[in-house]
Amino acid sequence: MTREQRRALLGDAVIAQIHERVAQAPAPGPEVIDELRPILARPAGRAVRAVSRPAAEAA
């Protein structure tokens, strides 16, 4: 869903309320960030593997 579609669906007033609530929320502490970092780095739970290219394309 694009930003424009969300705005059309929710309306400016609801979006303003969401922004106000988000601004009131406390920032996460460093322990929360440390817990979430591996999850956000690998959302599927597996390592990202490099895509191999034929040598002709790589050159």
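Right, let's get into the overall build of the chain. If you tally the helices and strands in the chain, you get 4 helices and 0 strands. In the chain, the succession of helices and strands from N to C terminus is α-α-α-α. Per-residue burial for the chain yields a buried fraction of 2% across its 59 residues. Approximately 5,800 Å² of the chain is accessible, and the part contributed by carbon and sulfur atoms is 58%.

For the rest of this paragraph, the subject is the packing of helix α1 (residues 3–10) against helix α2 (residues 12–24). Where α1 meets α2, the closest approach of the two axes is 6 Å, and the angle between their N-to-C directions is 105°. Classified by the interaxial angle, the pair formed by α1 and α2 is roughly perpendicular. For the pair formed by α1 and α2, the contact residues are Arg6, Arg7 and Leu10 on the first element and Asp12, Val14, Ile15 and Ile18 on the second. Among the residues making up the contact of α1 with α2, the classes are represented as 4 nonpolar, no polar and 3 charged.

All right, on to the pattern of salt bridges then. Applying the stated criterion across every chain yields a total of 2 salt bridges. Where Asp12 meets Arg7, a salt bridge forms, and the shortest distance between an N and an O atom there is 2.3 Å.

Rules used in this analysis
- Residues numbered from 1 in each chain as written.
- Predicted model: local features only at pLDDT ≥ 70, side-chain atom pairs only at ≥ 80, totals over all residues.
- Heavy atoms only, no water.
- Helix = DSSP H or I, 4+ residues; strand = E, 2+ residues; numbered from the N terminus.
- Buried < 20%, exposed > 50% of the residue type's maximum accessible area, 1.4 Å probe, protein only.
- Areas by Shrake-Rupley, 256 points an atom, 1.4 Å probe, with all protein chains shown as cover.
- Axes fitted to C-alpha atoms, helices over the stretch in contact; angles between N-to-C directions.
- Parallel < 35°, antiparallel > 145°, perpendicular 65-115°, else oblique.
- Contact = heavy atoms within 4.5 Å.
- Nonpolar A, V, L, I, M, F, W, Y, C, P; charged D, E, K, R; others polar.
- Salt bridge = Lys/Arg side-chain N within 4 Å of Asp/Glu carboxyl O.

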